[in-house]
Amino acid sequence: MEIARRLFAIGASAHSLPGEYDDNFHLRATTGSEFVLKIMHPDRDRGFVEMQCAVLQHLAKNAPELPLPRVVPSADGQAFVETKIEDGSKRLIWLLTFLRGKTLAEFRPHSAELLEELGRFLGRMDRALESFTHPAAHRELKWDAARSAWIRDYLQRVSELPRRMLVQRFLGLFETEVVPGLSLLRKSVIYGDANDYNVLVTYGPGSAPRIAGVIDFGDTHYGITVSELATAAAYAILGEKDVLAVAASVVTGYHREFPLTGEEIALLYALIGMRLAVSVVNSAHRKSLKPEDAYVTVSEAPAWEALERWAKLFPRFTNYTFRAACGLVPIAKAAAVESYLKKSAASPSSICEYDLRSENSVVLDLGVGSTLLGGDPSSAETANLSSAISGALKESGARVAIGRYDEARLVYSAPQFGTSKNPTDERRTIHLGIDLFVEPGTPLRAPLAGVAHILANNGIPQDYGPLVVLRHATEDGEEFFTLYGHLASAALQKLHVGQAIAQGEVFAHVGDVHENGGWAPHLHFQVILDMLDRGADFPGVARASERSVWKTLSPDPNLLLQIPETRFPTAAQNAERLLAARKNLLGGNLSVSYAKPLNIVRGWKQFLYDETGRAYLDVYNNVPLVGHSHPRVVRAAQGQLSLLNTNTRYLHENVVRYAERLTELLPAPLRVCYFVNSGSEANELAIRMARATTGCDDVIVLEHAYHGHTNTLIDVSPYKFDGPGGRAQKPWVHVAPIADDYRGLYLRGEENLGARYAAHVGEIAEKLRKENRRATFLAETLPSVAGQIVFPEKYLAEAYRHVRAAGGVCIADEVQVGFGRLGTHFWGFETQGVVPDIAVFGKPIGNAFPLAAVVTTREIADAFSNGMEFFSTFGGNPVACAVGLAVLDVVRDENLKQNAKKVGDYWLAGLAELRKRHEILGDIRGSGLFLGLDLVRNRDTREPATPQASYVVNRLRECGILAGTDGPHHNVIKLRPPLIFAESDADLFVQTLDSILMEDPAQPDR
Ligand SMILES: Cc1ncc(COP(=O)(O)O)c(C=O)c1O
């Protein structure tokens, strides 16, 4: 490009960049460096360019760590040059270094960490700009927040009335809140244009995305400092569901680098809304001038949507959230009210006639992990819940049962607690009051003097039944409220709003079951610092993600009631505390899943729940075969445990019945059973039996295999002995290549794969035979740890034939795949048309109750029965066998094998569709509900996409789906859900995976 060479002595090729007004070019110099050449519009003012150069030079000096474009001086040392160009016009021309990165608008996902970093970037920049001045920065600009009211004259451009009213609402807020407070706000030169097309992001393999800089300093102006943040937040929330959380992340980062004042935080809600309002009016105006120009209206639709979402927030709640995001007390008066409540802690019988501080009351656990309620959600149906509570009350002999404050509960089913169709979306679970379960009609006394503020007799949205809110004030005049829900409506008739209520005065009575939607009679008692103008519609239950703010808004009523904390059963621990304790108390190599570990406290069917009540779809736990907490399995275990649990040295019907049922499902000659407690114990026993038969120690195993954690099993598990901390392969262990037709020696599509792979096993067996040694061949029937492998046809048949011909014994490790999971067959070995000499069962056999089994032939059993007693203390105990029987019953009665086939086929079809769109899905394999997604960087080379696979499972977890990786490269996503998995679950998985695979860190070419 001639200009670059002439003015800046740079030889470069140039591409024009999109722009509204000036001519910008991307230059690639012959040296490889990249630049942006800016040829300004002829009408541009010199001061405007001078100011931009000065601001960038100031930032280069005062915040050199920020990646920002740098001004490249011209050949004669000037920041910009004025010259005549080809078309004869006189132009101001300057050159900047080029920043690499993807725009935030195009980059996905916007994690909380990335948004916080954006805030930090801008905070750091504004801190450096505090000391910057330039006359040209004092300019008239439509994006200057202080001047936003210009949109009033353009409101008519917004044709739809509801939208115009929405804009008007923020305009009104701006005029009543921001304008009068303008003098309180800091002013400085700001960049002023952190929109999502100006913010750049970079990312690399396995590393978190980072802000790579901001570009386009054309809106730099002297204005309201905090509007920098408001602009960034307004654009950050575009396209987001949880707009408040997104904005709060940006606020957190900004405040960390450049602390905000209370006044600034208080006006953020209005400023963010107003920035969006200016944007939509500006688009409407420009559209009216240039109806066809797409550039003008790029962000119009998302801006409207964001504005509509923003308008649904409660402004003061938003302020409290932002304060919390800044690490400030969300509500300034919180400490004063709390200390007032403590001071006024009423006399023991203050709120009702019972002494809540004595043994006369019992504290109930109604939390997510409550064993009183169990996993079955029907326990939360009102009638069941009420009878559980009444039962617990009766059993304790107490007069009052207390329901805890700040308890995460899954008992709320009304639509307002969560209306999403996606079962893993966050619901409201955190209880903000204390419940007192008492006799209906129990009189209530005002614990503090107050004034009746709200009286609602019936049918109010938050499901409190008839309710009263009293208004109070501290000695210093700080106003707060107490709320009493589930009252008797008749007695409320006598009260009127504004009526003074004395401390200790009986002002209401607890309602009966009918008045409270079937709930056991109780009082819901809540303290509220700010009613948020919501009237009787004030929530009593909050989302866990907003827990800390709601807890300040509704502090612990026990400050007033003073029920001794020692009487509260331990509340659910949060994940961070548990992780710390675990690190301290348990072995360091006990691994924990996910970058953000989960604290799971409840399971039901194919769902697991963390301590906050968030549901996760479990797509990889093959152990809960028939679903978590299956009632028939639970009843079997509980029933037998309440009667007898001993060992196999006594005769007991369960063990015999279970052996009968299990062998009925197995082909002859597998007829003799041994029961133990884990897959490892079973494999260990199977190897002992095989050795008793062969008289030799030699074991042939497959590459990458895992068979258990005992000494012998580590020795026969290449996954372990070849991995970190492993010791050398023992001379009696022989490893054959795994018959993996996607990554192995011979690939899908070639001839006779099964026989060719099996020949390797044959070779080893034959070599041993020649040395008069007989081998034990131990292999999974569909290897899971090795990467969800499906053997080629006839592989096991051929391998077994070779081993047996050489006098060996074949063990099938069915620990992962047995019991109908494969859909087509009940056992993995059946899919290969073989019958092993010894079969080993574990994991799903007891639906997570410790149970495992070895089943073999009479001949091997006899060889094993060589005089040494076999005894496993817990193996085959009556409870384990009762559980095993129940599992088999459920698999049969609920047609789970058939379901695995049906849903598995449906899921595979959905995944095959995805594979058409996502190059990273190299191979999709498996059968029934045993599937694997082999992620590759390149379908031709099949290079494993390991960091991407790890990214995908962690993102799935964030989106409420639990999956894991397997395979020697940890790039295979394993899918092995409980067999009750439904087509709707498969749909949820496919849709979620589809959107994650579109995210930048999941791209194969990272
Ligand atoms: C194939 C296989 N065999 C045996 C075991 C060992 O079972 P457990 O952990 O119950 O001892 C496992 C466990 O992951 C396994 O995957």
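Please refer to the structure placed before this passage.
Turning to the pattern of salt bridges, a few remarks are in order. A complete count under the given rule lists 65 salt bridges for this structure. With a closest N to O distance of 2.8 Å, Arg 543 and Asp 242 form a salt bridge. A residue pair is termed long-range when its members are at least 10 positions apart, and Arg 543 in strand β23 (residues 541-543) and Asp 242 in the loop between α5 (227-236) and α6 (243-257) qualify at 301 residues. Relative accessible area serves as the criterion here: at 27%, Asp 242 is assigned to the partly exposed category. With its nearest N and O atoms 3.3 Å apart, the salt bridge here joins Asp 715 to Lys 730. Taken as a pair, Asp 715 in helix α19 (residues 711-715) and Lys 730 in the loop between α20 (718-721) and β29 (733-736) lie far apart in primary sequence, 15 residues in all. In this structure Lys 730 comes out as partly exposed when scored by relative accessible area, which is 26%. Three or more residues joined by partner-sharing salt bridges are found here, namely Asp 741, Arg 743, Arg 748, Asp 923, Arg 925 and Asp 934.

A word on the environment of Lys 142. Turning to its location among the elements, Lys 142 is positioned in the loop between α3 (112-129) and α4 (161-181). When near neighbours in sequence (up to four residues on either side) are disregarded, Lys 142 contacts Trp 150, Val 278, Asn 282 and Arg 286. Separated by 3.2 Å, the side chains of Lys 142 and Asn 282 make a polar contact.

This part covers the side chain of Thr 103. Along the chain, the position of Thr 103 falls in strand β7 (residues 102-103). A relative accessible area of 12% means that Thr 103 is categorised as buried. Non-local contacts of Thr 103, meaning those with residues more than four positions away in its chain, are made with Asp 196, Tyr 197, Val 199 and Leu 200.

On to the sheet that holds strand β31 (residues 809-813). The strand order β27-β33-β32-β31-β30-β28-β29 describes an open sheet built from seven strands, whose pairing is mixed. The strands lining the two open edges of the sheet, one partner per strand, are β27 (672-676) and β29. Each strand axis lies, on average, 20° off the axis of its neighbour in the sheet, ignoring direction. Relative to β29, strand β28 (residues 699-702) runs parallel, the two sharing four bridges. The partner of Ile 700 across the bridge, within β29, is His 734.

What counts, and at which threshold
Residues numbered from 1 in each chain as written. Predicted model: local features only at pLDDT ≥ 70, side-chain atom pairs only at ≥ 80, totals over all residues. Heavy atoms only, no water. Salt bridge = Lys/Arg side-chain N within 4 Å of Asp/Glu carboxyl O. Helix = DSSP H or I, 4+ residues; strand = E, 2+ residues; numbered from the N terminus. Buried < 20%, exposed > 50% of the residue type's maximum accessible area, 1.4 Å probe, protein only. Contact = heavy atoms within 4.5 Å. Polar contact = N/O pair within 3.5 Å; in protein donor to acceptor, adjacent residues only side chain to side chain. Pairing = 2+ DSSP bridges. Axes fitted to C-alpha atoms, helices over the stretch in contact; angles between N-to-C directions.

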